[in-house]
Amino acid sequence: MWIMPLKCILGVISSRWTLFFSLSLSMVGAETVTRPQKPYLWKAGPWDVCVAISCGSTGTETRKVWCVDAEGLNTHASRCPVAERPAPQRMCVRVCEWHSALYEWNISHWGPCIPISSPASITECVTAQYGLQRRQVTCMRRFNGTAVVSPQSCEAFLPPPGNEQACLLPCPQDCVLSTFSHWSACSRSCGPALQHRTRQVLVAPQYGGADCPSLTQTQSCNQGNAPPCPADQQEHGYSLWVGPWSACRVRGVSAGGRTTVDFNMDSSSRSLTTQSNSTVESYLVRRHAETDRHLSLHHHQYHDGTKTFFEIHIGYQTRQVRCTRNDGKNVMLSLCYHDSPVNFRSCVMPRECELSEWSAWSPCSKTCGAADQSPGYRKRKRSLRGMTLGWVQDCPSLEQREPCNVAGEHLPLCPRYHWLVTNWSECQIIPLIGQHDYHLRNSSFLCGGGIQTRDAYCVQTENNSTPSHKLRPVTRDLCSGTLPSLVQSCSITCPSYCKLSSWSEWGCCIHDNCMESQGNKGFRQRSRTVVGQIEGLTENCPHLLESEPCEDPVCFLWKVTSQGPCIPQDGVCGSGLQEQIATCLNITGEEVPTEWCTRDHPAQALPCVVPCPGDCVLSDWSPWTDCPDLCSSKHSEGRQSRTRLVLALPGMGGKMCPPTPDMVQSRPCKTSACVVFYWHVSPWGPCTPDPLLSITNITNGDSHSTCGFGTQLRRVTCVKVNNGPVSPKRCPDAFRPESVQSCLVPCQTDCIFTPFTEWSLCSSKCRTVNVTASSQSRHRIIIQTAANGGRDCPDTLYEERECDAAPICPTYRWQTHRWQKCILVPGSVRQAVGGSTESCGHGLETREVTCVGTDDVPANIGNCLEWAGPMPARVRPCHVTCRDVCTLSSWSRFSACQACGSWRIRTRSLTGRSKKRLKCQQGALYPLLEREPCPCSEFQSQAQGPWSPCVFPELRGQSSQQAGLGAYLQSLEETSRWRARGGVRECGQGLHYRALACLDYQGRLVNPVLCNNTGLEEEDCYVPCPLDCRLSDWSAWSTCSSSCGWGVRLRSQWLKEKAFNGGRPCPKLDLKNQAQVSEVSPCYSECDQYFWLPEPWSECTISPVQPLDVVEQEPACGEGVQARSKRCVKRGREQEAVNKSLCGQMESPVTTQSCLLPCPAHCVTSQWGQWSACPMSCDDNAYRWRVRNVLRRPQQGHMCSELNQTAPCVLNSTCFTYSYSNSEWSSCRLNDNAVCGRGYRTRLQICIRSDGKAVDLAFCRERSLGGELQAACEVSCPVNCLLSVWSPWSECSHTCGNQSQMLRSRVVVQEPGEGGQPCPLQLSQTKPCPIMPCYYWLLGDWSPCQIEGADCGDGMKQRNLTCVVHWGALQALSNSAAVEEDKCEKEERREREMELQIPCSVPCPGDCHLTEWSPWSSCQLMCLDGRGFGAQGHQARSRAVVPQVPESQSACPSPVYETRPCKGGVCHSYNWKTSGWRNNERNVWCQRSDGVNVTAGGCSPHNRPSTVRQCHPACTKPFSFCTQSGVCGCDKGFTEVMTSHGFLDYCTRSPGSDHKRADVKTSSGQLRNQRMLRDWVLQPVGPDGRVRPWMYGLMAAAFILILLITAMSFLLCKKTKDSASIEVPQKSLSLAYDGDVDM
């Protein structure tokens, strides 16, 4: 038995079913071909299901067929041609379900979008054009992937996918060319020649745009005047031409016979490489001798540990050699005299890379859904198993990358991050204190404005209810939002400034407790009040109540409230009784029950006397004078007195007046011992919990949580003024302040801190041996500090640990083997190309290179490429000496070095017959001496660059590790604290650094280690500390600026030292007061500060002049004189008299006045009482009155004068209104312990009478107050600039060179406030890095095109690759010095070696050739309305055709161009530019928006401006032409005659233009007025096209003149002469049309 393989079975089934499907489907008729010209057509429907007995068997299938007319309507079948009727039935094969597994449609990728727009639609393109994409759709067998001949096998199961689809393309881009270059010189100096000029492609045609026209213009030169070529010059010149090298072929393959020269071939048959107009990519050719090291791979690779050899095959290359004539013809090779050209060489057979399979795809980089919808990426890798060999492309990419999770619909949302902040720190005042505020620095209590700081940290946003302090901090870079404010202003409440009133008068002597009065000892008190209190603490205000001991205390007194008149007992005069009413009052004047007054009740009736007529009349007693402010002692005692006056003298028999001493009474004053006591209270103590009053969760008004009620205590002490504490019994107990009060207990606040951050990442790279293990760290942040006895913060906020040991880096190396024998080009090949049969010359030799690991175990090549660098060279050129080639001895050893920097040499010599050959004696070809510099180990250091800024050491307690592990998270919080403690070093002694360069004896840069230093030079430096602006102390308050009324007082501070080196600036100079700082306080000066104080009037005295012998019988009465004294006193100090000159003499009161002393029989009245008060409104209808009483009734015959008087209330005379007057506010004043913040300002208040006079405040107290006298104010804080700590030093900016430096920076946490210390300009510091030498592979300039052994043809341009050392700057490459090649990176050399050779060609004389590539054009985008489409633009370059002789123009190649994508392109627009008109012509050109002129493409030809200007209508009149202004004019010698519409009617010859006698002016006059004549003649028509008015007047004058001349000529001349009749009018016309003003 045998079993057929499954593949064969499937193949048989497949072929059979293919036959069936082909048979069945071949029976399918095509659809009816519609013919539009026929009115009736057949229509066929789709085929029905194949009807068969079973699947796989044949059957039939049917379809409907019907006839339709031209409009598509069904009609009878007889109208359609029967011969064209489609078949309604056909044979088929019934398909089984499992047949679908045999075939499938294979679909290729869509091809490029090809424009299909017609030329008409291209011109109408605005934004895009239609295109078409195609793809291949083939039917494939599933089991082996081969294509099926007929697609009907797949159509039986699934209709074919579409192979075409529409697409959109940008509008066509026409080719854009630059302007032409200048014409070249003639191609030769004799005979016919050519010269040319070229232009380059700026924009290549795209998307169906117009192709580029010719890039070259030629023209013949030396025509006609070209000198003939000399007779002795040969007719033709000859040049040896070589072609490009052929592909490398393996030896043993026939070369195809000897190369022959076809003399019948013209130059067009030579393979000049031409490129189509499509985009062509330029290529580079590597230098063979130096790049084979990386073009070859080792001989073997490893598969599962098995070694497989891949030998390097050495082949050969050949090239064509011809002899060409200067007219482009090929001639015999012998005509070209040259050494034997090399037309063969050895080469390496190319081999492509050997790659491993792709690894699995990595996980997608996008694992969550983000809002930006950007895709993620995944990648896979593969490794090298064998590298490229020979001249093939580089290895393909070893890594693939593709997008993934583009939409991200099913991905979880990406984590979000936001900022969290810690609690604000305590309010700090110290950072705001200036350097010179010594009293504040030494103060134990500071208040006022301050600053608070906090920290911000980044956390991941959680959707659950996790408390914020439980969130783990993450890296700050993850938070992209605005950083919250980290500094804010705050305030510590200062004790309130207590403005106190004056002490009141001492009160009555009262008992300590009036309700329980004991003994005769008591107290009397005086008080004062707080005026204009501002919010704040008032417990520090001084005491407001004082008391002193006294005797006979009385708490309740009887006071007489009313008294009746004195009623005589006899009813007329004499003794009588006076009733009075008394009320019991307390010390405050309030009425109390009568039983509280313990003393005797005043008598209800008092005895009194009513003077009778003739009695002496006395006044009432005056009030007791004030007692002096004296304390009782043994040596001094105060007294007070009162007086009364005689109002009327007694008459005869009347009661006499008492003696003068009885008119004065005195008594001792009740003095005290001047011992004053008061209660002193201490500040309230802390609030301690009271268990009996505990209530939790109570919040006070400051939004700080409280936990229950508690009590506060304070000490209350009795203090004696100016002495100290005394016994509490000395102070009245009734007024003792409270020593205990209830309070709210603040809750305990625990420390809140975040969890530790994640451990920082350890390095994933492998490590070398003996490398210190790295460490990782984590930290946490304090959110809230502990308070009120809460749980303290942990001590450990930063942890560090060592990372797990990283794996040791693997060790791989390249192992090289012995070089093999030199391989030459096979002899058969040399013979075929006409070479020598001797086996000698240049060849290649190879060696094996393997990759080995530890213990020389073979390893994969990719490991060595990764860890050991580029592969060593496996192929190198070699040479086998020929018999006729010069032979040389081996090189001798180098000579000994004499000194450092000297040279050593070695030599060799010619051997054998070579000594006699002239060719071998050429030193340039066969040098016999070589020299090289001697090694030298002398080095010297040289300082480079300026010194760095002065650098201060790090903060105390902060290690470099902490600074590098995120200490910036806490730096913002710490900044202000360091500022407060003075821990931030901003000045003082530091270090600055300067780089040192280490140079060898040749001045080349070397490693600083060779100079035995670190590469840095250190030096001490000093930065002066900032000094704040220093002001003087406050001056004393000045006197009031006004001697009368409102004024101001000033005190000032003056500048002592200006700010220095960034200290706090000085405040702006007060220009008004010429002081740096001034404070203003209002003041008021009494306008009558000094006034006259009159004494009481004396008694009225009468001094009549009587004879001496007359004895007075009656007392004198009638008019008399009163006198009084006066004193000049100062208001407020009336007891002391001052100089009388201080009081105004105009206001001096009278000291004498007349008075009336009543006679005994006259009526005696008291003095007038006070006028009654006028109403406050001072109405015009208001009155006031006053009264007086009768003290002694008159005798009969006499009457009392009026006892009542009334007077109208007159404003500002007898009636006044009063109002408050407030001063301006004073300057804002702060507490003595405050720098800024909340202060107070005050103002004064006086009472002003309506006539403008200041009066006592009592007059205004009945009215409302005139506003506050004290108000709060703010003084801006001088916030210093707050900075973060310095960041850690960065890595060096460059790995080598003198431009490398390290950087550290800091940020401004708080900008300076008004008057604060400004931010320093230096927010970053740099420090030089050690100068390490920079090694660089320097590419030299391209050599001229080198053609080996020929004059023209294909060759190579080469340039050298040199390892140089330089100083790091770009300009330093020009001063670089060559060093050993092992100093430079081998991998960089591999990249650079790709650019060491490029192919080139040298045209032979007479060849039509291409120019070199033009420079790349600027990068231009595809744009629409100035906006670019796509991220990439395109650049173009081109090669133009250069013909040399006319004979070779027909064989010229086509010009070529190429494009490449570029980044950073711009949109260009194109516009037509025109020059000015000149002779009705102008230049028109197209210009790009960047100013580049173009000659083809760019501008639309439909919008091209005209280059020739024409008049409308055309100038068809004789002698007319089109002028510059666009109107028709006449030629020189003719005058324009215009129509009424301003158009040229005809041209008339100007008179005198052909006759010398017609000109009556001199030539100078004509020259002088030529311009004026031209203007007059050429401008007879105005700008509106109408004839000027003066033209009509001129024509009328000319007509009259002609008539006059004609009449005179007729009268004077009897016979008219023809000549005169012609000449005279011409002369007149000349005068008429001249227009010269001199005429």
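Being a predicted model, the structure only gives us computed values, none of them experimental. (Residues numbered from 1 in each chain as written. Predicted model: local features only at pLDDT ≥ 70, side-chain atom pairs only at ≥ 80, totals over all residues. Heavy atoms only, no water.)

**As for the overall build of the chain**
Put simply, the rule reads: The way it works is that DSSP assigns letters per residue, a run of H or I at least four long becomes a helix, a run of E at least two long becomes a strand, and they are numbered from the N terminus. Residue contacts are counted whenever heavy atoms from the two residues lie within 4.5 Å of one another. In these tables, accessible area is a Shrake-Rupley quantity obtained with a 1.4 Å probe, and a residue counts as shielded only by the protein chains included in the view.
Counting its secondary structure elements, the chain contains 13 helices and 103 strands. Summarising the internal contacts of the chain: among those between residues at least 6 apart in sequence, 71% fall at separations of at least 24. Surface summary for the chain: the accessible area is close to 101000 Å², and the carbon and sulfur share equals 52%.

**Focus: the pattern of salt bridges**
Stated formally: Any Lys or Arg side-chain nitrogen found within 4 Å of a carboxyl oxygen on Asp or Glu counts as a salt bridge. For the exposure calls, accessible area comes from a 1.4 Å probe over protein chains only, and a residue counts as buried if that area is under 20% of its type's maximum, exposed if over 50%, partly exposed in between.
Inspection of every chain in the model, using the stated rule, returns 22 salt bridges. A salt bridge links Glu 845 to Arg 876; the shortest N-O distance between them is 2.3 Å. In this pair, Glu 845 is assigned in strand β56 (residues 841-846) and Arg 876 in strand β58 (residues 875-880), connecting sequence segments 31 residues apart. A salt bridge links Glu 1079 to Arg 1051; the nearest nitrogen and oxygen atoms lie 2.9 Å apart. Residue Glu 1079 is found in strand β68 (residues 1077-1085), and its partner Arg 1051 is found in strand β66 (residues 1045-1053); the two are separated by 28 residues along the sequence. Arg 1051 matches Glu 1079 in its accessibility class, with the two residues each being buried. Residues participating in the shared-partner salt-bridge network are Arg 1051, Glu 1079 and Arg 1229.

**A word on the packing of aromatic side chains**
To keep it simple, the criterion reads: Between 30 and 60 degrees the pair is tilted, below 30 it is stacked and above 60 it is edge-to-face, where a pair is any two Phe, Tyr or Trp rings, Trp via its six-membered ring, whose centres lie within 6.5 Å. Whether a charge lies above a ring is judged from NZ of Lys or CZ of Arg, which has to be within 6 Å of the ring centre and within 35 degrees of the ring normal.
Scanning the entire structure with this criterion turns up three aromatic pairs. Where Trp 1046 meets Tyr 1084, the ring centres are 5.1 Å apart and the plane angle is 70°; that geometry is what we call edge-to-face. Here the residue Trp 1046 occupies a position in strand β66, and Tyr 1084 occupies one in strand β68, the gap between them amounting to 38 residues. Under the relative-accessibility criterion, Tyr 1084 is labelled partly exposed at 21%. Across the ring face of Tyr 377, the terminal group of Arg 401 is positioned such that the distance to the ring centre comes to 3.8 Å.

**A word on the state of the cysteines**
Quick note on the threshold: The disulfide criterion used throughout: a pair of cysteine sulfur atoms within 2.5 Å.
This model, assessed by the stated rule, comprises 54 disulfides. Residue pairing for Cys 427: its cysteine sulfur links by disulfide to Cys 490, the two sulfurs lying 1.9 Å apart. Note on the Cys 427 and Cys 490 pair: the S-S dihedral is about 90°, so by sign convention the disulfide is right-handed. Here Cys 490 lies in strand β31 (residues 487-492) and Cys 427 lies in the loop between β27 (417-421) and α5 (438-441), a separation of 63 residues in the sequence. For Cys 427, a relative accessible area of 21% puts it in the partly exposed group. Assessed through its relative accessible area of 14%, Cys 490 is described here as buried. The thiol sulfur of Cys 508 is not disulfide-bonded, and the nearest other cysteine sulfur, from Cys 509, lies at 8.7 Å.

**Quick look at the sheet that holds strand β19 (residues 314-318)**
Selection rule: Pairing between strands is defined by DSSP: at least two bridges between them are needed.
The strand order β16-β19-β22 describes an open sheet built from three strands, whose pairing is antiparallel. Each end of this open sheet is capped by a strand with a single partner; those strands are β16 (249-250) and β22 (344-348). The pairing of β19 with β22 spans five bridges and is antiparallel. Bridge pairing links Gln 317 to Arg 345 in β22.

**Brief notes about a nonpolar patch on the surface**
Inclusion rule: A patch consists of residues exposed above 30% relative accessible area that lack any salt bridge, with like charges linked at up to 9 Å and nonpolar side chains (Val, Leu, Ile, Met, Phe, Trp, Tyr) linked at up to 5 Å.
A contiguous nonpolar surface patch, about 410 Å² in accessible area, is contributed by Leu 1601, Leu 1604, Met 1608 and Leu 1612. Assignment of secondary structure puts Leu 1604 in helix α12 (residues 1589-1612). Given the relative accessible area of 49%, Leu 1604 is considered partly exposed.

**Focus: the nonpolar core**
For clarity, the cut-off: For our purposes a nonpolar core is just a set of buried Ala, Val, Leu, Ile, Met, Phe, Trp, Tyr and Cys residues, chained together by side-chain atoms within 4.5 Å.
Core analysis: the largest hydrophobic core is formed by 18 residues, its most contacted members being Leu 432, Ile 451 and Val 1235. If sequence neighbours within four positions are ignored, Leu 432 has contacts with Gly 449, Gly 450, Ile 451, Arg 1064, Val 1235, Cys 1236, Cys 1277, Pro 1278 and Val 1279.

**A short note on the sheet that holds β27**
Read from one edge to the other, the open sheet built from three strands follows the order β27-β29-β30, with strand pairing classed as antiparallel. On the outer flanks of this sheet lie β27 and β30 (473-474), each paired with one strand and no other. Examined bridge by bridge, β27 and strand β29 (residues 456-460) share five bridges and lie antiparallel to one another. Pairing of Tyr 417 across the sheet is with Gln 460, part of β29.

**Observations concerning the confidence of the model for the chain**
Heads up, the rule is: Within a predicted model, pLDDT stands for the predictor's per-residue confidence, ranging from 0 to 100.
In the predicted model, the chain carries a mean pLDDT of 77, and the fraction of residues at 70 or more is 81%. Predicted confidence in the chain is weakest over helix α4 (residues 288-295), with a mean pLDDT of 32, and strongest over strand β48 (residues 716-720), with 93. Within the model, the stretch residues 1105-1112 combines pLDDT values under 50 with zero contacts to residues more than four positions away or in other chains. Within the model, the stretch residues 1615-1639 combines pLDDT values under 50 with 30 contacts to residues more than four positions away or in other chains.

**Focus: the side chain of Ser 1223**
Stated formally: Throughout this description, a polar contact denotes any pair of N or O atoms lying within 3.5 Å of each other; where both atoms belong to protein, one of them has to be capable of donating a hydrogen while the other can accept it, and for residues adjacent in sequence the pair is counted only when both atoms sit in side chains.
By the element assignment, Ser 1223 lies in the loop between β78 (1218-1222) and β79 (1237-1242). A polar contact of 2.7 Å, which involves the side chain of Ser 1223, links it to the backbone nitrogen of Leu 1244. The residues contacting Ser 1223, other than those within four sequence positions of it, are Trp 1046, Pro 1082, Arg 1243 and Leu 1244.

**Overview of the environment of Asn 74**
Mapped onto the fold, Asn 74 is located in strand β4 (residues 74-75). Expressed as a C-alpha distance, the spacing of Asn 74 and Trp 42, which sit 32 residues apart in the sequence, is 9.8 Å. Asn 74 has contacts with Trp 66, Cys 67 and Val 68, leaving out every residue within four places of it along the chain.

**Notes on unusual backbone geometry**
Trans peptide bonds make up most of the peptide bonds, and negative phi angles are found at most residues other than glycine. The backbone of Asn 788 sits at a positive phi, close to 60°, despite the residue not being glycine. Along the polypeptide, Asn 788 turns up in the loop between β53 (782-784) and β54 (798-802). The backbone of Asn 1061 sits at a positive phi, close to 55°, despite the residue not being glycine.

**Points about the environment of Ser 1324**
Along the chain, Ser 1324 turns up in strand β86 (residues 1324-1328). As a C-alpha pair, Ser 1324 and Trp 1286 span 38 residues in sequence and 8.4 Å in three-dimensional space. Non-local contacts of Ser 1324, meaning those with residues more than four positions away in its chain, are made with Trp 1286, Leu 1303, Arg 1304 and Ser 1305.

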